[in-house]
Amino acid sequence: MYTIKHAAQQVGITTATLRAWERRYGVIAPHRSESGYRLYGDHDVAVLRSMKDLVDQGWSAALAAAEAVRLDRAQPAPGTAVEATGSGAPTHPSSDLAERMTSAAAALDTTDLAVTLDQVFALSSFEAVMTDHVFPALEKLGDAWADGRVSVAGEHLASNAVMRRLAVAYEAAAAYGRGPRIALGTAPLTRHEIGLLAFAVTARRHGMDTDYLGADLPVEDWLGVIDEPALAAVVLAIPTTADIPATAAVVTAICDRRPGLVVAVGGAQQDHAPESAVRLGHDIVAGAKALADAIARQQR
């Protein structure tokens, strides 16, 4: 059993926050010692951690509390057999994420799509959810669109649902960003931005002060952005082969205008960027660390 101070330390919140969550939302019911002190068990800590993870991802405290309690109640009781999948593994809320997203998109079912995404974003940290679940599901959704199982409207419905959740996570991560200032966006006519916004969230959560400029930014606007002296780096995405020429033009223009500024690229076609650009790779956490390292080297 933990005292309130030790329980708060285990979760990563203040004792005041723990008291507030307990009092306002009833997320846990601690035991009382004979002297009247609150005592918290491992189960209480696990529920509080689940709530904290959701809050960190942008959920309101009230919704995060309700979801943490729901997820806890959905867990099988100790000793209860867990229904297994065909492979013998326990059923997992995200094991069929791609199938559920594709089905919801094909049916234009906004409600099922929202429920599916809510469940998967409650599983783990933002970075783990995006890397292990959302990115693979989006790739399969793209395949379903390509072979005609999902319409353009359905693909847009699912992609925009993900973008809305990323936007919430981006705003929630604002408190982390106190480090070097970064501008992120895409070149003219480059409109696929899910990967870039996910990277922006991760960069914020790793301490960078980010300005997310969005998609389809003209070269002239990029040149205006880099005139800001405090800017330490810019990041562009090259998601498709069609985006290579425009991105190369932006990178070249930036390097000509402000030599020495860190210019980094991500996305499926990043290897086709000019040699001067830093390649961030295909993992958002490793990419954030690579960007931080490139900035640190430039500032020495």
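Predicted, not measured: the structure shown is a model, and the values here were computed from it.

## Thoughts on the overall build of the protein chain
Part 1 of the argument: Summing up its helical and strand segments, the protein chain has 12 helices and seven strands in all.
Part 2 of the argument: Dimensions of the protein chain, computed from the C-alpha atoms along their principal axes, are close to 70 × 50 × 30 Å.
Part 3 of the argument: Looking at the protein chain as a whole, 42% of its 300 residues are labelled buried.
Part 4 of the argument: With an accessible surface of roughly 15000 Å², the protein chain has 53% of that area assigned to carbon and sulfur atoms.

## Notes on the layout of surface pockets
Part 1 of the argument: The space that makes up the largest pocket amounts to roughly 1400 Å³.
Part 2 of the argument: If you trace the largest pocket, you find 37 residues lining it, with His192, Glu193, Ile194, Gly195 and Pro239 closest to the centre.
Part 3 of the argument: Secondary-structure elements contributing two or more residues to the lining of the largest pocket are α7 (126-146), α8 (152-172), α9 (194-205), β5 (231-237), β6 (262-266) and α12 (284-299).
Part 4 of the argument: Class assignment for the residues of the lining of the largest pocket results in 19 nonpolar, 13 polar and five charged.

## With respect to the nonpolar core
Part 1 of the argument: One finds Met101, Phe126, Leu166, Phe199, Val235 and Leu291 to be the most contacted residues of the largest nonpolar core, which totals 48 residues.
Part 2 of the argument: Dropping the residues within four chain positions of it, Leu166 is found in contact with Phe126, Met130, Ile194, Leu197, Ala198 and Val201.
Part 3 of the argument: Ile13, Trp21, Val45 and Ala65 belong to the second largest nonpolar core, which has 22 residues in total.

## Comments concerning the pattern of salt bridges
Pairing between side chains becomes possible if they bear opposite charge and their charged atoms approach one another.
Part 1 of the argument: If you walk through the whole model with that rule in mind, you get 10 salt bridges.
Part 2 of the argument: One salt bridge in this structure joins Asp147 and Arg149, with 3.0 Å as the shortest N-O distance.

## So, the environment of Val265
Part 1 of the argument: For Val265, the location among the structural elements is in strand β6.
Part 2 of the argument: Of the residues examined, Val265 reaches a relative accessible area of 0% and is grouped as buried.
Part 3 of the argument: As a C-alpha pair, Val265 and Gly281 span 16 residues in sequence and 8.4 Å in three-dimensional space.
Part 4 of the argument: Sequence-distant contacts of Val265, that is, excluding residues within four places in its chain, are made with Leu236, Ile238, Val251, Gln270, Ala273, Ala277, Val278, Arg279 and Leu280.

## Section: helix α11 (residues 244-257)
Think of an α-helix as 3.6 residues a turn; residues three or four steps apart then line up on the same face.
Part 1 of the argument: When the terminal C-alpha atoms of α11 are compared, their 20 Å separation across 14 residues agrees well with the 20 Å that a helix rising 1.5 Å per residue should span.
Part 2 of the argument: Considered for burial, the residues of α11 that qualify are Ile244, Thr247, Val250, Val251, Ala253 and Ile254.
Part 3 of the argument: Packed against the buried residues of α11 are α10 (219-225), β5 and β6.

## A closer look at α7
Part 1 of the argument: Between its first and last C-alpha, α7 extends 28 Å over 21 residues, near the 30 Å set by a 1.5 Å rise per residue.
Part 2 of the argument: At Val134, α7 shows its maximal kink, close to 35 degrees; a proline, Pro136, follows between one and four residues later.
Part 3 of the argument: Within α7, the full set of buried residues consists of Phe126, Glu127, Val129, Met130, His133, Val134, Ala137, Leu138, Leu141 and Ala144.
Part 4 of the argument: Here the buried face of α7 lies against α5 (97-106), α6 (110-121), α8, α9 and α12.
Part 5 of the argument: Directly beyond the C-terminal end of α7, a positive phi value near 90 degrees is found at Gly148.

## Here's the deal with the pairing of strand β3 (residues 181-185)
Part 1 of the argument: Most of β3 sits inside the fold, with four of its five residues counted as buried.
Part 2 of the argument: In terms of strand pairing, β3 meets strand β4 (residues 209-214) through five bridges, oriented parallel. By the bridge assignment, Gly185 is partnered in β4 with Gly214.
Part 3 of the argument: Pairing geometry for β3 and β5, over five bridges, is parallel. Opposite Ile182, over in β5, you have Ala233 as the bridge partner.

## Quick word on the packing of aromatic side chains
The description of an aromatic ring pair rests on the distance of the ring centres and on the angle between the ring planes.
Part 1 of the argument: Counted under the stated rule, the structure contains one aromatic pair.
Part 2 of the argument: For Arg204, the ring lying beneath its charged end belongs to Tyr170, and the centroid distance is 3.8 Å.

## Some thoughts on the sheet that holds β5
Part 1 of the argument: Read from one edge of the open sheet, five strands run β4-β3-β5-β6-β7, paired in parallel fashion. For this open sheet the edge positions go to β4 and β7 (278-279), each flanked by a neighbour on one side alone.

## Some thoughts on the confidence of the model for the protein chain
Part 1 of the argument: Summary statistics for the protein chain give a mean pLDDT of 88 and a share of 92% for residues scoring 70 or more.
Part 2 of the argument: Within the model, the stretch residues 77-94 combines pLDDT values under 50 with 16 contacts to residues more than four positions away or in other chains.

## Things to note about the packing of α5 against α7
The description of two packed helices rests on the angle between their axes and on the distance between the axes.
Part 1 of the argument: Packing of α5 against α7 brings their axes to within 8 Å, and their N-to-C directions diverge by 45 degrees. With respect to α7, the element α5 is oriented oblique. As α5 runs across α7, the sense of the crossing is right-handed. On α7, the residues that touch Leu97, Ala98, Met101, Thr102 and Ala105 of α5 are His133, Val134, Ala137, Leu138, Lys140, Leu141 and Ala144.

Thresholds applied
Residue positions within a chain follow its written sequence, with the count starting from 1. In view of the model being predicted, local features appear only for residues whose pLDDT reaches at least 70, and side-chain atom pairs are presented and counted only at 80 or more, with totals across whole chains, interfaces and linings using the full set of residues. Side-chain measures were taken over the full set of non-hydrogen atoms in the model, leaving aside hydrogen atoms and water. Here a strand is any run of E in DSSP of at least two residues, a helix any run of H or I of at least four, and the numbering for each starts at the N terminus. Type-normalised accessible area, obtained with a 1.4 Å probe on protein chains alone, sets the label of each residue: buried when under 20%, exposed when over 50%, and partly exposed for intermediate values. Surface exposure here means Shrake-Rupley accessible area, sampled with a 1.4 Å probe, where a residue is shielded only by the protein chains that are shown. The rule is simple: put a 1 Å grid over the protein atoms alone, call a set of points where a 1.4 Å probe fits but cannot get out a cavity, call an open set with protein on both sides within 12 Å along at least five of seven lines a pocket, and count a residue as lining if it has an atom within 4 Å of a point. Grid points are joined across faces, edges and corners, and a volume is the space filled by probe spheres set on the points. Nonpolar residues are Ala, Val, Leu, Ile, Met, Phe, Trp, Tyr, Cys and Pro. Charged residues are Asp, Glu, Lys and Arg, and all others, Gly as well, are polar. By nonpolar core is meant a set of buried Ala, Val, Leu, Ile, Met, Phe, Trp, Tyr and Cys residues that side-chain atoms within 4.5 Å join together. Whether two residues touch is decided by their heavy atoms; if any such pair falls within 4.5 Å, the residues are in contact. Salt bridges are identified by distance alone: a Lys or Arg side-chain nitrogen within 4 Å of an Asp or Glu carboxyl oxygen. Multiply 1.5 Å by the residue count of a helix minus one, and that product is the helix's expected span. Bend at a residue means the angle formed by two fitted axes: the first through the 7 residues ending at that position, the second through the 7 residues beginning there. Only strands that DSSP links by at least two bridges are regarded as paired with each other. Two aromatic rings, drawn from Phe, Tyr or Trp (for Trp, its six-membered ring), form a pair once their centres lie within 6.5 Å of each other, and the interplanar angle then sorts them: stacked below 30 degrees, edge-to-face above 60, tilted otherwise. Definition used: whenever NZ (Lys) or CZ (Arg) falls within 6 Å of the ring centre and also within 35 degrees of the ring normal, the charge is taken to sit over that ring. A residue's pLDDT is the confidence the predictor assigns to it, expressed on a 0 to 100 scale. Axis definition: a line fit to C-alpha positions, over the contact stretch in the case of helices; interaxial angles, taken between N-to-C directions, run 0 to 180 degrees. For this classification, under 35 degrees means roughly parallel, over 145 means roughly antiparallel, 65 to 115 means roughly perpendicular, and everything else is oblique. Each crossing gets its handedness from the near helix: less than a right angle anticlockwise from the far helix is left-handed, clockwise is right-handed.

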